[in-house]
Amino acid sequence: MPPRRAVTGRSQEPRQRYAEELRLLRAQKGDSLRQLGEALGWDWSLFGKMESGQTIGGPEVAEALDQYYGTAGLLLTLWELAAGDPTQFRERYRRYMTLESEALSIWHYGVSTVHGLLQTASYAQELLSAGGLGGEELTRQVEARIRRRAPLEGEDTPRFRTILSEAVLRTPLEDAMEWRKQLELLLAMSERPNIKVQIVRHSVGLHALSNTDTTFLRLRDGHTVAWVETGYSGELVEETAAVERLQLSYDLVRDLALSPVESRKFIRQMLEEASCEPST
């Protein structure tokens, strides 16, 4: 069978196709960006960024545009495809992101940072900026990271456990208010029935994962893969024996961690201490 060809000649890449449709619909309507912003009550610059592919906005914006243009859910559908497109992530992470979105359960140990699924936008931006990202690419990566959290908050949610070194909670953001928001999100997510957050105190000393940020994904076919990461690279581990060795280390660390209840108390303590610190 010959390869399938696009009839419209428009992009088959989800984010680009979404931007193209937005530009086409506005042109057909005859509105300027400013007129569109005034009609819908959003800053017109948001629509400019959406049409240039810098951002896809939120689902509520897509729904409002569908209603305005009379497109009966077309733009929301394209938004969903763009939001779920693995090519939005940097290339070396794409296979992991695909597997993460399909996982039945996710277990994580964090050496020095909050897991991406539990990061606020400000935390993600400061972390990715420290890694060298900037400009439009930084904006895209922050948005992609925040959208990853959606499966944890839906109806058919995966089980998620994150064990964090105390160092994670002792490393604040530059902005004290934004750091408090990150601690508040961590606390709120820890109270969801599908999510467990545990803290490993400094006092336990060295352990099997002291310098290894690791995530395990249990997939629908029954097997488990691991992702081992540094600030600059990551490796997907799929060989059974290697995954089992990492899981044994994870189990040993879990034995050292505070219980979920005690961990929530510790996060509240950190939040209280952060709230008492003077703003700069």
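None of the values given here were measured: they were computed from a predicted structure. (Residues numbered from 1 in each chain as written. Predicted model: local features only at pLDDT ≥ 70, side-chain atom pairs only at ≥ 80, totals over all residues. Heavy atoms only, no water.)

Helix and strand counts for the chain come out as 12 helices and 6 strands. A total of 280 residues make up the chain; the buried ones form 44% of that total. Within the chain, contacts between residues at least 6 apart in sequence are counted, and of these 69% link residues at least 24 apart. Of the roughly 15,000 Å² of accessible surface on the chain, a fraction of 50% belongs to carbon and sulfur atoms. (Helix = DSSP H or I, 4+ residues; strand = E, 2+ residues; numbered from the N terminus. Buried < 20%, exposed > 50% of the residue type's maximum accessible area, 1.4 Å probe, protein only. Contact = heavy atoms within 4.5 Å. Areas by Shrake-Rupley, 256 points an atom, 1.4 Å probe, with all protein chains shown as cover.)

So, about the side chain of R26. The residue R26 is located in helix α1 (residues 14-29) in this model. With residues near it in sequence (within four places) discarded, R26 still touches D31, S32, L33, L36, E51 and Y69.

What follows covers the pairing of strand β3 (residues 195-200). Along any regular strand, the residues point their side chains to alternate faces of the sheet. Across the 6 residues that make up β3, a large majority, 5, are buried. Of the pairings in the sheet, the one linking strand β2 (residues 159-165) to β3 comprises 6 bridges and is parallel in character. If you follow R161 over to β3, its bridge partner there is K196. (Pairing = 2+ DSSP bridges.)

Within the secondary structure, V204 is located in the loop between β3 and β4 (213-218). Sequence separation between V204 and L256 is 52 residues; the distance between their C-alpha atoms is 6.9 Å.

What follows is about the environment of E51. Here E51 is to be found in helix α3 (residues 44-52). Not counting residues up to four positions away in its chain, the partners in contact with E51 are A19, L22, R23, R26 and L33. Side chain to side chain, E51 and R26 meet in a polar contact 2.7 Å long. (Polar contact = N/O pair within 3.5 Å; in protein donor to acceptor, adjacent residues only side chain to side chain.)

With that settled, the discussion passes to the nonpolar core. The biggest cluster of nonpolar side chains holds 33 residues, and the ones touching the most others in it are L118, L169, L186, V197 and L217. Elements with a contribution of two residues or more to this core: α6 (94-102), β2, α9 (166-169), α10 (176-190), β3, β5 (224-229) and α12 (260-276). Apart from residues lying up to four places away in sequence, V197 is in contact with L118, T162, L164, L186, S190, P260, S263 and I267. With 18 residues, the next largest nonpolar core counts Y18, L36, V61 and A62 among its residues. (Core = buried A, V, L, I, M, F, W, Y, C linked by side-chain atoms within 4.5 Å.)

What follows covers the sheet that holds β2. Across the sheet, which stays open at both edges, the 6 strands sit in the order β3-β2-β1-β4-β5-β6 with mixed pairing between neighbours. The open sheet is flanked by β3 and β6 (234-237), the only strands paired with a single partner. On average, each strand axis in the sheet is tilted by 15 degrees relative to the strand beside it, whichever way the strands run. Taken together, the 4 bridges between β5 and β6 define a ladder with antiparallel strand orientation. In the sheet register, V228 faces β6, and the bridge partner there is E235. Lying on the sheet, α6 is in contact with β1 (105-110), β4, β5 and β6; it crosses β4 at an angle near 50 degrees. (Axes fitted to C-alpha atoms, helices over the stretch in contact; angles between N-to-C directions.)

In contact at an axis separation of 9 Å, helix α7 (residues 121-130) and helix α8 (residues 135-147) are set at 135 degrees when each is read in the N-to-C sense. One way to sum up the angle between α7 and α8 is to call them oblique. In this structure, α7 meets α8 at a crossing whose hand is right-handed. Contacts between α7 and α8 involve A121, A124, Q125, L127, L128 and S129 from the first element and L138, Q141, V142, R145 and I146 from the second. Here the contact of α7 with α8 is built from residues that sort into 7 nonpolar, 3 polar and 1 charged. (Parallel < 35°, antiparallel > 145°, perpendicular 65-115°, else oblique. Left-handed = near helix turned anticlockwise from the far one by under 90°. Nonpolar A, V, L, I, M, F, W, Y, C, P; charged D, E, K, R; others polar.)

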